[in-house]
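# Coordinate analysis (summary)
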Amino acid sequence: MGDVLNFSGNTRHDIDPDQVLIGAQGHLTSVIVIGYDNDGNLFLASSSANGPKINWLLDKVKHKLINGDYSE
């Protein structure tokens, strides 16, 4: 039986958050994690202590999402 490979492309289906985080390990220079915890509370964590930099990154991603050109 062959090896099972994780799909790394875009999908319209939800992916397990742990799989997304595992896939990102070792590939990033900084990170912002946004989501909901198991109790439904908003969760935000960042490797950067620079608030304006975090906000700029969030705005950059929002702009790409709104324009439909987020393909990463």
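The structure we're discussing is the one just above.
Overview of the structure. (Residues numbered from 1 in each chain as written. Predicted model: local features only at pLDDT ≥ 70, side-chain atom pairs only at ≥ 80, totals over all residues. Heavy atoms only, no water.)

## Side note on the overall build of the protein chain
Across its full length, the protein chain carries two helices and two strands. Reading the secondary structure of the protein chain in the N-to-C direction produces α-β-β-α. Here the protein chain holds 72 residues, and 3% of them are scored as buried. At a minimum sequence separation of 6, the contacts of the protein chain that also span at least 24 residues come to 18%. Per element, the accessible surface of the protein chain, about 6900 Å² overall, is 54% carbon and sulfur. (Helix = DSSP H or I, 4+ residues; strand = E, 2+ residues; numbered from the N terminus. Buried < 20%, exposed > 50% of the residue type's maximum accessible area, 1.4 Å probe, protein only. Contact = heavy atoms within 4.5 Å. Areas by Shrake-Rupley, 256 points an atom, 1.4 Å probe, with all protein chains shown as cover.)

## Digging into the pattern of salt bridges
Between side chains of opposite charge, a pair can form as their charged atoms come close. A full pass over the atoms with the stated rule returns one salt bridge. Between K62 and D59 there is a salt bridge, with the nearest N and O atoms lying 3.1 Å from each other. Placement of the pair is K62 and D59 together in helix α2 (residues 51–66), with a separation of three residues, close to one helical turn. (Salt bridge = Lys/Arg side-chain N within 4 Å of Asp/Glu carboxyl O.)

## Brief notes about a nonpolar patch on the surface
Among the surface-exposed residues, I34, Y36, L42 and L44 lie close enough to one another that they form a single nonpolar patch of about 510 Å² accessible area. Listed by contribution, the elements that provide at least two residues to the nonpolar patch are β1 (32–36) and β2 (42–46). Note on placement: Y36 falls in strand β1. Classification of Y36 as exposed rests on a relative accessible area of 65%. (Patch = residues over 30% accessible without salt bridge, like charges linked within 9 Å, V, L, I, M, F, W, Y side chains within 5 Å.)

## Considering the environment of G35
Relative to the elements of secondary structure, G35 occurs in strand β1. For G35, a relative accessible area of 22% corresponds to the partly exposed category. With residues up to four places along the chain from it excluded, the contact list for G35 reads N41, L42 and F43.

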